Protein chains: 2
Amino acid sequence: VSLREGLLRARAGEADHPAAVAVFSLLAKEHGTPLYVYDAETIREQARALTAAFVPRFPRLKLRYALKANTNVHIVRLLLAEGLSPEVVSEGEIRAALLAGARGADVLFTSSSKSPSEIDFALRHDVLLNVDNLDELAQASAAATRLGTTARVSFRINPGVDPDTLHQINTGIAESKFGVHLDGGIARAAYETATRLPGLSVTGIHCHLGSQITETAGYEETARKMLAFVRELKEELGLRLSFVDLGGGLGIPFRDGESVMSPERLADALKPIWEEEVARLGYEPELWIEPGRFLVAQSGLMVARVNSVKTTPVKTFVNVDAGFNTLLRPAMYGAEHRVRVVGKSTPPMVLDVAGDVCETGDILAADRSLPRPEAGDLVAFLDAGAYGFAMASEYNARPLPAEVLVDGDTARVIRRRGTFEELHRSEPAGATGR
Amino acid sequence: VSLREGLLRARAGEADHPAAVAVFSLLAKEHGTPLYVYDAETIREQARALTAAFVPRFPRLKLRYALKANTNVHIVRLLLAEGLSPEVVSEGEIRAALLAGARGADVLFTSSSKSPSEIDFALRHDVLLNVDNLDELAQASAAATRLGTTARVSFRINPGVDPDTLHQINTGIAESKFGVHLDGGIARAAYETATRLPGLSVTGIHCHLGSQITETAGYEETARKMLAFVRELKEELGLRLSFVDLGGGLGIPFRDGESVMSPERLADALKPIWEEEVARLGYEPELWIEPGRFLVAQSGLMVARVNSVKTTPVKTFVNVDAGFNTLLRPAMYGAEHRVRVVGKSTPPMVLDVAGDVCETGDILAADRSLPRPEAGDLVAFLDAGAYGFAMASEYNARPLPAEVLVDGDTARVIRRRGTFEELHRSEPAGATGR
C-alpha cells in the first residue's frame, strides 16, 4: 500500500479505510502534529491539467506558478520541473524562486508596494518588474539608470471587472489597491510615460481578477478589454508587447461533489476571443496565466490531533492541537475546509472543530456532520496546500508546524517542525538568560 | 530630547514635531522598517494604574499579565518587575514566563485545548492548570497520577455573560468554545468530579468575558454570578477556593479623545459587589485579574516606510512596507489603529494606507484623514503593542520585523529583524541547494 493511497482515500471520504488509518498514524507518529502533508503527484497532475488545457490551444504561451500560495522551495521546484515559471510578490519570493533553480530573467515580480531594496534586488537579478503605479515606475527608472541596467517592465492593469468572488481577494474591481485603471485613459498615459523614462523597456501587460474564481465570464470580459487596449497601445503609441498576462485565480472545488471551472473550460472560453482579438491586433503576444491555489491547494492536508472533546448545552467541540496560527483561512476568510476524522465510522453528528488559539473566533470548522472523535484521534483538513503553511504564525507561542512531501511510497520532511527555542531565536541572548 | 518624548509627541498627534521626526528617523535608520517600537515607561505606567486601582480596594489580590498579547521575554520581564504574575495559553508561553524569571508555581495556564505534552510540561513545572472541560480534567488526573504529583486545578467557567464586544473575541457567551457552563448545574458537576478524581487539588475558579471591554456592567454581573456559585460550592460540596479569577479584557481607547473604563472605575464597580458577596460567603478568596492588551497595547507603535503613493479615480493609496503579515488586526478584525504621518504638516486629505501583502483585503487603515506623505516618509500605527508582533507571520516570504524597546533616552533591540535565510531555515539544506 503506497502512502499516496492513504491520502487519496482520506480525500475521497474514506478516512476510516485501513490504508488511510495506517498512513496518518505513521506520519503523525514520525513527524508529530500539527502537520502539513502534500502529495507530490497531485501537484504534478494539476500542473499537467493546466498544461494540457492551454498548450494545444495557445501556440505562444507561458504558464506561471504564483509562489505566494506555497513558498516551500521543494514545492516550487516540483512546479519548475513541470515547466512552469515563477510569479512572485516580494524579494523573499524572488529568492525562493532562485533557490529552487529558476533564472532571474524568468521571474515576474508583481506587488502593489515594492520597496527600494526590492526594486534594486529585482533589477540586479534581471527580474521582470510588473509595475503598480507611476510613483513606482519613476523609482524603477531611477534605479535602473543608477545601476546602469535596463528594467524590463509591464504594468498591472486594473480592468474594472468583478469576477464575483469574496471581497477580500477580489483584486480587479475599481476600488482595489492594485494596478493602473484601464478606464479614463489612465493606463494609456502610464504606458506613454514608461516609453519616455530612461532605463525602462516596456515588455508586456498584466492583470489579475482575484482568487478562487469558478466561472469563465470574468476572464472572457477581461481578455477582450486587455487585448483591445493592447491594440490601442499599438495604434496610438506604436507599442508592440511581448506578453499579455491574464493573471491567475483559477478556483478549486471546496466541497464534496462540487464541480468548478476546469482549466480546459477556461482555455476553451478564451481561445476564440484570443484568436479574434489577435487577428485584429496584427501580431500575437504570449499569453501568460499564473495560478497558485489551483496548482497546490488540493495536494495538501493539515493533520491535527484531538486534545479533548466536550459537549456544552449549545454545541459539541472537538478541540485539536492546531488553530488559526496553523491554518488561518477559516478564521480570516470564513473558508470551509472539509474535515476528515481518521479511523472513525460511527454515524455522523454535528460538531465544531475548535482550534487551540485562545480566541472565540478560532473555530477551524463549524457545524460539520462528522463521526465524533475522541482524544488522541487524528483529523485532516483538506485543500490546505495553498495559503496554509504560507500564512502560519507563531501566535500563542506555538512553534511552526512541519511539512512533509509524500511521493508515491516515500515521505520526505521538506520543513522540520519549529522549536520552542526558535520562538526566542531573535531576542538578544544576554537579556533572555536568567 | 529623550527618545520617549518623540514617541509621546507622535502619540499625541504631533508627529510633525522635531522631536518626533528625529526619533522616528533615527530608529528607522538604525533598525529598518517595518519596526515595532515599545515605550517601557508606558508599560510601567499601565501596570501601576492597574495596581493603584486594585491594591487599595482588595486586600487579597493577584494581578496577572496575559502573555498572549505580547510574548517577547523582555516585555514579560518588565511586567514581572511590576509585581504581575503570568497568565499563559500554551507550553510556549509557560516557557517564555520561565525564561523571563517567573516561578512555575506562579503561572496560570488557561487554554481550551491542551495537548498531553502541554499538560505534562505544566505539571512538571508546578503550573496551575485552568481546566476547560471534563475530558481534559480526566487527562490531568491521569497525568498527575502517572507523574506522582498533585495537579493544582481550577475550572474555566462560561458565565453566559455578553460584555458587548466583537464576536470573534467575545469569549464568555453561551456558544463560546471556552469553559464549563455555569448554567444547568454543569459547572457544579465538574467541581464534584474534580474532588473525586485522584491527583487533583481544586484551588480556584476562573472566567474571562472577552477582549477590549469598555464598560463595567459585564464584570459586575459576572462577579455576582461567580461568587454566588463559589458559595454554592462551599455549601453543597464543602469546597473552599483560594482564588476567583474574573479574567482580563480591559479595553483601551483606540481613537483620539475617546475615554473608556479605567481600572479605577472597574475596581470601584467591583468593590461593593465583592465585599457583599464575600461577607455572604464567609471567607475571602483572592481576587485575580489578568489583562493583556491594557498593559502593553498603548506602549507600542508599528513603524512603516512609504514605498509609493498613487491616486486612482476612486481612492488615494499610500503603499507601505508593512502589511497584514506585520499587523494582522485591521485585516482580521477590522481594527482601526490610528496612523501618524511623521514630519508632515500639510492639510489632511482622505487616504487609504495599503499594506504590501498581495491581497485586496490588506488595507492597514481605510479612509483616514491624514497629511499626504510621499515615498520614503515614515508612518506609525498606534496601539500596536498588543496582538501586533505576536500575530505576525512570514506570509509573502517577508522576514519578521524587529522589535525595539525605548526606555527614556535609550533604545534596545529586543528582537532582531528576521532574515531571508530564516525563511528557509527549516527546509532540509541538501534539497534547497542548487
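Residues numbered from 1 in each chain as written. Chains lettered and ligands numbered in written order. Predicted model: local features only at pLDDT ≥ 70, side-chain atom pairs only at ≥ 80, totals over all residues. Heavy atoms only, no water.

Novice: For this particular structure, what's the right way to read the interface of chain B and chain A?
Specialist: One widely used convention gives an interface's size as the accessible area the parts lose upon coming together. In this complex, chain B contributes 98 residues to the contact, which on the side of chain A involves 99 residues. For the chain B and chain A pair, buried surface summed over both sides reaches about 7,500 Å², with 53% attributable to carbon and sulfur atoms. Three residues stand out in chain B for area buried against chain A, namely B:K177, B:C358 and B:T360, and they jointly supply 10% of the buried area on that side. Taken together, the connections running from chain B to chain A amount to twelve salt bridges. (Contact = heavy atoms within 4.5 Å. Buried area = accessible area lost by both parts, 1.4 Å probe. Salt bridge = Lys/Arg side-chain N within 4 Å of Asp/Glu carboxyl O.)

Novice: Would you mind showing me how to read the environment of B:V89 here?
Specialist: All names here are of chain B. Turning to its location among the elements, V89 is positioned in the loop between β3 (85-88) and α5 (91-99). The class of V89 is buried, set by a relative accessible area of 1%. Put simply, V89 and G257 are 168 residues apart on the chain and 33 Å apart in space, counted from C-alpha to C-alpha. (Helix = DSSP H or I, 4+ residues; strand = E, 2+ residues; numbered from the N terminus. Buried < 20%, exposed > 50% of the residue type's maximum accessible area, 1.4 Å probe, protein only.)

Novice: Even after reading the chapter, I still don't get the side chain of A:N319, so can you show me in this structure?
Specialist: With respect to the element layout, A:N319 can be found in strand β12 (residues 316-320). For A:N319, a relative accessible area of 0% corresponds to the buried category.

Novice: For this particular structure, what's the right way to read the relation of the copies chain B and chain A?
Specialist: There are two copies of the chain, and a rotation about an axis plus a shift along that axis relates them. Expressed as a screw operation, the relation of chain B to chain A combines 0.0 Å of axial shift with a rotation of 180°, fitting to an RMSD of 0.0 Å. Taken together, the rotation angle and the small translation identify this as a two-fold axis. Within chain B, B:S393 has its C-alpha nearest the rotation axis, a separation of 2.3 Å. (Least-squares fit on C-alpha atoms with pLDDT ≥ 70 in both.)

Novice: Explain the packing of aromatic side chains to me, please; I cannot follow it from the model alone.
Specialist: Residue and element names in this part refer to chain A. Evaluation of the coordinates by the stated rule reveals 18 aromatic pairs over all chains. When the centroid spacing of 6.3 Å and the interplanar angle of 15° are considered together, the rings of Y36 and Y38 count as stacked. Overall, Y36 belongs to the buried group, its relative accessible area being 0%. Residue classification places Y38 among the buried positions, given a relative accessible area of 1%. (Phe/Tyr/Trp six-rings, centres within 6.5 Å; stacked < 30°, edge-to-face > 60°.)

Novice: Teacher, can you tell me more about the pattern of salt bridges here?
Specialist: The tally for this structure, following the rule as stated, stands at 84 salt bridges over all chains. Put simply, A:R57 and A:E264 hold a salt bridge, and the shortest N to O gap is 3.1 Å. Taken together, the residues span a long stretch of sequence, with A:R57 in the loop between α3 (40-54) and β2 (61-66) and A:E264 in helix α10 (residues 263-281) at a distance of 207 residues. Using a relative accessible area of 15% as the deciding quantity, one classes A:R57 as buried. A relative accessible area of 38% places A:E264 in the partly exposed class. A salt bridge links B:R4 to B:D39; the shortest N-O distance between them is 2.7 Å. With a gap of 35 residues between them, B:R4 in helix α1 (residues 3-11) and B:D39 in strand β1 (residues 35-39) connect regions that are remote in the sequence. On the basis of relative accessibility, which here comes to 2%, the residue B:D39 falls in the buried class.

Novice: What am I meant to see in the pairing of strand β12 (residues 316-320) of chain B here?
Specialist: When a strand is regular, its side chains alternate between the sheet's two faces. Residues and elements named next belong to chain B. Judged by how many residues are buried, β12 sits mostly within the fold: five of five residues are covered. Along β12, one buried face is formed by T316, V318 and V320 and the opposite face, lined by F317 and N319, is buried too. Examined bridge by bridge, strand β11 (residues 300-311) and β12 share five bridges and lie antiparallel to one another. Of the residues in β12, the one forming a bridge with V306 is V320. From the end of β11 to the start of β12, which pair antiparallel, there are four residues. Sheet topology note: the β12/strand β14 (residues 349-354) ladder contains three bridges and is parallel. Bridge pairing in β14 links N319 to A354. (Pairing = 2+ DSSP bridges.)

Novice: Looking at this model, I keep getting lost on helix α7 (residues 134-147) of chain A. Mind explaining?
Specialist: An α-helical turn contains 3.6 residues, so a residue and the one three or four places further along point in the same direction. Residues and elements named next belong to chain A. Taking 1.5 Å of rise per residue, 14 residues should cover 20 Å, and α7 covers 20 Å from first to last C-alpha, within 8% of that figure. Those residues of α7 that fall on the buried side of the exposure criterion are E136, L137, Q139, A140, S141, A143 and A144. Once α7 ends, the next one or two residues include G148, with phi positive near 65°. (Expected span 1.5 Å × (residues − 1).)

Novice: Which parts of the structure should I look at to understand the state of the cysteines?
Specialist: What makes a disulfide is a covalent bond joining the sulfur atoms belonging to two cysteines. One pass over the full model with this rule turns up zero disulfides over all chains. B:C358 takes part in no disulfide bond, and the closest cysteine sulfur to it belongs to A:C207, at a distance of 13 Å. Taking the relative accessible area as the measure of exposure, B:C358 reaches 11% and is therefore buried. (Disulfide = S-S within 2.5 Å.)

Novice: Looking at this model, I keep getting lost on the environment of A:T214. Mind explaining?
Specialist: Residue and element names in this part refer to chain A. Positionally, T214 belongs in the loop between β8 (200-206) and α9 (217-237). In sequence terms T214 and V260 are 46 residues apart; their C-alpha atoms lie 5.2 Å from each other. Aside from chain neighbours lying at most four places away, what touches T214 is G251, V260, M261 and R265.

Novice: Would you take a moment to explain unusual backbone geometry for this structure?
Specialist: Only a minority of non-glycine residues have a phi that is not negative, and only a minority of peptide bonds are not trans. Residue and element names in this part refer to chain A. The omega torsion of the bond from T33 to P34 falls at -5°, within 30 degrees of zero and hence cis. Its place among the elements puts P34 in the loop between α2 (18-31) and β1 (35-39). In this structure, Q212 takes a positive phi of about 55° despite not being glycine. In this structure, Q212 sits in the loop between β8 and α9.

Novice: Any chance you could explain the side chain of A:E82 here in plain terms?
Specialist: Residue and element names in this part refer to chain A. With respect to the helices, strands and loops of the structure, E82 is situated in the loop between α4 (73-81) and β3 (85-88). For E82, the side chain forms a polar contact with the side chain of R48, separated by 2.8 Å. Excluding anything up to four places from it in sequence, E82 contacts R44, A47 and R48. (Polar contact = N/O pair within 3.5 Å; in protein donor to acceptor, adjacent residues only side chain to side chain.)

Novice: Explain the packing of helix α9 (residues 217-237) of chain B against helix α10 (residues 263-281) of chain B here, please?
Specialist: For any two helices packed against each other, one specifies the inter-axial angle together with the distance between the axes. Residues and elements named next belong to chain B. Their axes nearest at 10 Å, the elements α9 and α10 cross at an angle of 15°. Relative to α10, the element α9 is oriented roughly parallel. Read as a crossing pair, α9 and α10 show a hand that is right-handed. Between α9, through Y219, E220, A223, R224, L227, A228, V230, R231 and K234, and α10, the contact on the second element is made entirely by L266, A269, L270, I273, W274, E276, E277, R280 and L281. Per-class residue counts for the contact of α9 with α10 are eleven nonpolar, no polar and seven charged. (Axes fitted to C-alpha atoms, helices over the stretch in contact; angles between N-to-C directions. Parallel < 35°, antiparallel > 145°, perpendicular 65-115°, else oblique. Left-handed = near helix turned anticlockwise from the far one by under 90°. Nonpolar A, V, L, I, M, F, W, Y, C, P; charged D, E, K, R; others polar.)

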